[in-house]
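As a plain string of letters, each chain reads:
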Amino acid sequence: MLEPAYQADVVVVGAGVAGLSAAHRLTSAGVTTMVLEATHGIGGRMATEKVDGFRLDRIGQLLSTAYPELRLTPGLGALALRPFAPGVLLHGDGRHHRAGVQAGSGGARGALHAVRALASAPRSPSAPRPPRRPVAVPGRQVSVPRSRSGAPLGTAVDQARLGAALTRLAGTPAERLLARPELPAGEALAARGLPARTIDGFLRPLLAALLCDPDLTTSSRCADLALRAFAGGRLCLPEGGADALPELLASTLPPGTVHTGVRVTSVSTTSVTTAEHGEIRCRAVLVATDARAAAELLPGLRVPEFHPVTVVHHTTDEPPGTGASLLLDADLGGPVAHTAVVSRVDPSRAPAGRALVSSTVLGRPPGDVDTAVRMHLARLYGVSTARWETLAVHHTAEAVPAMRPPHDLRRPVRLLAGLYVCGDHRDTSTVQGALHSGHRASAAILADLGAGRSMHVADPLPTVPRAA
């Protein structure tokens, strides 16, 4: 419970990863900080449900070891990341194809030097060769035939061109990517001269998994950043579940910094008003909630559209033989965009002797989502799913803010002197974007308050009596 002395230099509204990371930078600079969270948990959308020894992410966004903020954010030094197998596993034309990456001698640079497609499973009789089908590109429709080679990446020449393109992207500074002309990602890829089968068979399902945007309407700049992270690192998950990241941030803040179950009803440059504890006086307020909640506290703030995400979790005692690979559907033959035997990536997410298979559906889910997902998974993995047990179906209508062009990747975090906002809706809608927006907001606050000197004055502000 909050103490009667309602004093803090900065009040952060919202205990998601953006707000918690900002609180770390503020407290590290000697700024007394109070984090207020309306719910009784922390982490926002980075939530993990615990069911009978399983750890089930509600959204399950993919991370990359190349995300700079995972290294730069104070408090995350002990974060354990569990990588997927290198590259991804594509299901196309009834077969599995490994699209792998090999890091060069640069090591930490993680430049991508090769992309290869190798058949790794026999053709499944239950998965017939898909017909020529339309590809969704904003404003037009293009029909793309399947590669006769049976590999979604096409010929060896196609693969070499893709590898070269990704190698260049991995070595391109982010600032140069942000200066490129901006188009919807699908249109930008088509304009760069890559074969349609390479775009449709590899880049489209990969970017759908990274951006939660199956139609590739996302800004090409955001897509380039996502591909750059893929090329320069390894896709990974936090050990123990998505909530491990915010839990680590919260646990390494000074004791008493985070207060849950405190609902903020209004904000100003010098105070916040709460439903439970009246007014709390401060020198600056940082609104670090999701976009819709932020707009309720800050009228006029832009609320983006959102990509809905549904995650279906199954368990079985006979896991598919795909190991720790992220499996993508290059054929778009069902509702599942990507799936993985998550317990092979992170064994702590399932009890001994059981496998956890987590599958992601993007967009509006079908009516009987579990049945549709089971049927699709049977084709993707080439095994029967009839005896798999459904652990949970998590649908989040506003899971990921849309980043359609024109998209400002550095949306202002300083609204007024004393009033700031951060979150993935101010940057890119990834964990990297959320952490980076918190970084930008804390830097703006420290600059305005005067970093490097004491934040306290000899005569503290008077305590405002609580309303009866």
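Sequence positions are assigned chain by chain, starting from 1 and proceeding in written order. Where local features are concerned, this predicted model is filtered to residues with pLDDT of at least 70; where side-chain atom pairs are given and counted, the filter is 80 or more; whole-chain, interface and lining totals use all residues. Side-chain metrics rest on all non-hydrogen atoms present in the structure, leaving aside hydrogens and water.

(A) Representation of the overall build of the protein within the structure. A count of helices and strands for the protein gives 12 helices and 24 strands. For the exposure calls, accessible area comes from a 1.4 Å probe over protein chains only, and a residue counts as buried if that area is under 20% of its type's maximum, exposed if over 50%, partly exposed in between. Counting every position in the protein, which comprises 468 residues, the buried fraction comes to 56%. Whether two residues touch is decided by their heavy atoms; if any such pair falls within 4.5 Å, the residues are in contact. Sequence separation of 24 or more characterises 72% of the internal contacts of the protein that already satisfy a separation of 6 or more. Total accessible area on the protein is roughly 19200 Å²; 54% of this is exposed by carbon and sulfur atoms. Where helices and strands are cited, they refer to DSSP runs of H or I of at least four residues and of E of at least two residues respectively, numbered from the N terminus. Here the open area of atoms and residues is found with the Shrake-Rupley method and a 1.4 Å probe, where only the protein chains shown may cover a residue.

(B) Broad picture of empty space enclosed by the protein. Note on definitions: the grid is 1 Å and covers protein atoms alone; a cavity is a set of points where a 1.4 Å probe fits but cannot get out; a pocket is an open set with protein on both sides within 12 Å along at least five of seven lines; lining residues have an atom within 4 Å of a point. Grid points are joined across faces, edges and corners, and a volume is the space filled by probe spheres set on the points. Tallied over the entire structure, the rule returns 6 cavities of 30 Å³ or more. When contributions to the lining of the largest cavity are tallied by element, the ones reaching two or more residues are β4 (54-57), β18 (306-316), β20 (336-341) and β21 (355-362). Ranked by residue count, the leading element in the lining of the largest cavity is β21, at 4 residues. Under the scheme applied here, ten amino acids are nonpolar (Ala, Val, Leu, Ile, Met, Phe, Trp, Tyr, Cys and Pro), four are charged (Asp, Glu, Lys and Arg), and all others, including Gly, are polar. The class makeup of the residues in the lining of the largest cavity is 8 nonpolar, 7 polar and 3 charged. In this structure, the second largest cavity encloses a volume near 70 Å³. Taken together, R45, M46, D57, I59, G60, Q61 and A242 form the lining of the second largest cavity. Broken down by class, the residue content of the lining of the second largest cavity amounts to 3 nonpolar, 2 polar and 2 charged.

(C) View of the nonpolar core. Counting 44 residues, the largest nonpolar core has V88, F202, L207 and L210 as its most contacted members. Considering each element in turn, this core owes the most residues, 8 residues, to helix α6 (residues 196-211). Excluding anything up to four places from it in sequence, F202 contacts V88, L90, A99, L153, L162, L166, R197 and F230. In these notes, a set of buried Ala, Val, Leu, Ile, Met, Phe, Trp, Tyr and Cys residues joined through side-chain atoms within 4.5 Å is what counts as a nonpolar core.

(D) Molecular detail of the packing of aromatic side chains. Only Phe, Tyr and Trp rings are paired, with Trp represented by its six-membered ring, and only when their centres lie within 6.5 Å; those with planes under 30 degrees apart are stacked, over 60 edge-to-face, the remainder tilted. Under the definition given, this model contains 2 aromatic pairs. Here Y381 and W388 contribute two aromatic rings whose centre-to-centre distance is 6.1 Å and whose plane-to-plane angle is 55°, an arrangement assigned as tilted. The pair formed by Y381 and W388 is uniform in burial state, with each residue classed as buried.

(E) Region of interest: the packing of helix α3 (residues 156-170) against helix α7 (residues 220-232). All axes are obtained by fitting lines to C-alpha atoms, using only the stretch in contact for helices, and the reported angles, taken between N-to-C directions, cover 0 to 180 degrees. Closest axis-to-axis distance for the α3/α7 pair is 8 Å, and the angle between their directions is 100°. Regarding the angle of α3 to α7, the classification is roughly perpendicular. Residues L166, L169 and A170 of α3 touch α7, and the partners they reach there are D224, L227, R228, A231 and G232. Split into classes, the residues belonging to the contact of α3 with α7 amount to 5 nonpolar, 1 polar and 2 charged. Put simply, angles under 35 degrees are roughly parallel, angles over 145 are roughly antiparallel, angles from 65 to 115 are roughly perpendicular, and the rest are oblique.

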